[in-house]
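Structure assessment
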Amino acid sequence: MKIKNIAIVGLGALGIMYANHFSKKIGKENVRIVVNENRKKKYEEEGIFANRQKCSFYYVEENEKTEPADLILFCVKGTSLQSGLETARNQIGPKTIIISVLNGISSEEVLADAFGKENIIHCVSQGMDAVRVDNQLNYTRMGELRIGIDQLSKQEQLEAVSRFFDQTEFPYTIEQDIQHRIWKKFMMNVGINQVLMVTEGSYGDVQKEGSSRELMIQAMQEVMPIAQAEGINLTEQDLQDNLELLETLSPENMPSMRQDGIAKRYSEVELFAGTVLAKAKIHKIEAPTNQSLYQKIKEIEAAYS
Ligand SMILES: NC(=O)C1=CN([C@@H]2O[C@H](COP(=O)(O)OP(=O)(O)OC[C@H]3O[C@@H](n4cnc5c(N)ncnc54)[C@H](OP(=O)(O)O)[C@@H]3O)[C@@H](O)[C@H]2O)C=CC1
Ligand SMILES: CC(C)(CO)C(=O)C(=O)O
């Protein structure tokens, strides 16, 4: 199994970064950006820029019948995953390997329900400082994808992805326990993303001691007993590791959810506090900080004009 082409659904902060990288490495004709007619028109008219350089991308319309892609990357927000599934449908065949870079703990399940679980490689994207405003993406750190499999039968697909990433000099790490990694990142997002959306802050505000940092840590701590109840051994050490990773981010940058707040886009709160609260209820665990963040974020969104 050799990956020769890929499809990308969602040309936002991460989608632009990955599309730009792979287009340069394997030729833009092998990197399909799957879009509807309106998005294609907009992207072609306005252009897409990565670090102020105009990108050259190959757009494929979602209703076009083509050969299935060898690999597809889902780079939409959780709020658009359902529409992303429809956009992707014509790109996915029985051998297409599927990767979701979405935050949260549920996108792989949603994709498995739609396309089967056989070809899904689990993934976490982390360590980037990508900031997108409209068609302009800026970043200094591309971060990496952490990938892994939930069953041994997927070893061949994992190896194919690994060879492709090596060939294209794409940063990645193979995780032995990908579920743990996904929950660890989830804990981080539950803290950083939600608190900085509510406080309208940037990473610098939670890198120093103070009320924002305290709130962030409280929100993260509430994830731990829930993870334990779900059979994931998330510990205080994982929280400390997340705090260390946070130190590496540029103080003036901000997480994707704060970028949503600025752009008055509906956020991924359902992937974060929404999920924490749903699971807390099942396991009869208190999560007051997430309850309060959930309400505040919903109030912010209700005030969008
Ligand atoms: N930004 C970051 O630094 C990081 C983000 N993540 C996660 O990665 C995921 C993607 O985030 P991010 O890149 O910031 O998201 P963005 O909001 O920047 O981009 C999402 C893009 O998907 C497009 N889109 C939505 N629906 C469709 C569709 N049906 N077909 C094609 N395109 C579609 C949107 O277009 P339109 O605007 O027209 O709706 C938008 O351009 C999220 O889950 C996020 O939490 C993870 C780590 C870091
Ligand atoms: C970890 C962080 C905060 C930045 O990489 C992220 O995942 C996001 O912005 O959604």
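Every value quoted in this text rests on a predicted model; they were computed, and no experiment measured them.

**Observations regarding helix α13 (residues 288-302)**
Here α13 spans 21 Å end to end across 15 residues, near enough to the 21 Å set by a 1.5 Å rise per residue. Among the residues making up α13, those that are buried are Thr289, Asn290, Leu293 and Ile297. Buried residues of α13, seen end-on, are gathered within an arc of 90° and therefore sit on one face of the element. For α13, the exposed residues set more than 90 degrees away from the buried face come down to Pro288, Gln295, Glu299 and Ala302. Contact partners of the buried residues in α13: α6 (178-199), α8 (211-221) and α12 (270-283).

**Overview of the site of ligand 1**
Taken together, 26 residues surround ligand 1, and among them Gly10, Gly12, Ala13, Ser80 and Asn103 come closest. Elements with a contribution of two residues or more to the shell around ligand 1: α1 (13-26), α3 (81-88) and β8 (120-128).

**Some remarks on the domain arrangement of the protein chain**
When cut into domains, the protein chain gives domain 1 (6-176) and domain 2 (179-302). The C-alpha centroid of domain 2 is placed 24 Å from the C-alpha centroid of domain 1. Each partner contributes residues to the interface: domain 1 has 19 residues there, and domain 2 has 19 residues. Taken together, the elements giving at least two residues each to the side of domain 1 that touches domain 2 come down to β8, β9 (131-133) and β11 (142-148). At four residues, the largest contribution of residues to the side of domain 1 that touches domain 2 is made by β8. Among the residues making up the side of domain 1 that touches domain 2, the classes are represented as four nonpolar, ten polar and five charged.

**Things to note about the sheet that holds strand β12 (residues 172-174)**
Hydrogen bonds along the backbone pair up the strands of a sheet, which may run parallel or antiparallel. Pairing within the open sheet is mixed, and its eight strands lie in the order β5-β2-β1-β6-β7-β8-β11-β12. At either end of the open sheet lies a strand with only one pairing partner, and these are β5 (58-61) and β12. Each strand of the sheet is rotated relative to its neighbour by a mean of 30°, with strand direction disregarded. Along the sheet face, helix α4 (residues 107-115) touches β6 (71-74), β7 (97-100) and β8 and points at about 150° away from the line of β7.

**Regarding the UniProt feature "domain: Ketopantoate reductase C-terminal" (unreviewed entry) in the protein chain**
Here, UniProt's "domain: Ketopantoate reductase C-terminal" (unreviewed entry) annotation points to residues 177-301. In the segment residues 177-301, helix accounts for 74% and strand for 0%; the C-alpha atoms at its two ends are 35 Å apart.

**Let's talk about α4**
The periodicity of an α-helix, 3.6 residues per turn, causes residues three or four positions apart to be oriented the same way. For α4, the complete set of buried residues consists of Ser107, Glu108 and Leu111. All buried residues of α4 lie within an arc of 95° about the axis, which places them on one face of the element. Exposed and facing more than 90 degrees away from the buried side of α4 are Glu109 and Asp113. Residues of α4 that are buried make contact with β6, α3, β7 and β8. One or two steps after α4, the chain reaches Gly116, where phi turns positive at roughly 90°.

**Focus: the site of ligand 2**
The environment of ligand 2 is made up of Asn103, Gln126, Met128, Met188, Asn189, Ile192, Asn193, Pro255 and Ser256. Top element by residues in the shell around ligand 2 is α6. It accounts for four residues. Within the shell around ligand 2, the residues separate by chemical class into four nonpolar, five polar and no charged.

**Describing the UniProt feature "domain: Ketopantoate reductase N-terminal" (unreviewed entry) in the protein chain**
Sites flagged by UniProt as "domain: Ketopantoate reductase N-terminal" (unreviewed entry) map to residues 6-148. With 29% helix and 33% strand, residues 6-148 has end C-alpha atoms that lie 19 Å from one another.

**Section: unusual backbone geometry**
The phi torsion at Lys264 lies on the positive side, around 55°, for a residue other than glycine. Looking at Lys264, the number of C-beta atoms within 10 Å reads 11, which means it is exposed. Within the chain, Lys284 stands out as a residue other than glycine whose phi angle is a positive 55°. With respect to the element layout, Lys284 can be found in the loop between α12 and α13.

**Notes on the environment of Ile149**
Structurally, Ile149 can be placed in the loop between β11 and α5 (155-167). The partly exposed category is assigned to Ile149, around which 19 C-beta atoms lie within 10 Å. It is 16 Å that separates the C-alpha atoms of Ile149 and Phe165, two residues lying 16 residues apart in sequence. When sequence neighbours within four positions are dropped, the list of residues in contact with Ile149 reads Ile121, His122, Lys154, Gln155, Leu158 and Ile178.

About the thresholds
- Residues numbered from 1 in each chain as written.
- Chains lettered and ligands numbered in written order.
- Predicted model: local features only at pLDDT ≥ 70, side-chain atom pairs only at ≥ 80, totals over all residues.
- Helix = DSSP H or I, 4+ residues; strand = E, 2+ residues; numbered from the N terminus.
- Expected span 1.5 Å × (residues − 1).
- Buried ≥ 20, exposed ≤ 12 C-beta atoms within 10 Å, placed from the backbone.
- Arc of directions from axis to C-beta.
- Contact = placed C-beta atoms within 7 Å.
- Near = placed C-beta within 6 Å.
- Domains from an automatic or database assignment.
- Nonpolar A, V, L, I, M, F, W, Y, C, P; charged D, E, K, R; others polar.
- Pairing = 2+ DSSP bridges.
- Axes fitted to C-alpha atoms, helices over the stretch in contact; angles between N-to-C directions.
- UniProt positions renumbered as here; feature names shortened; annotations may be inferred.

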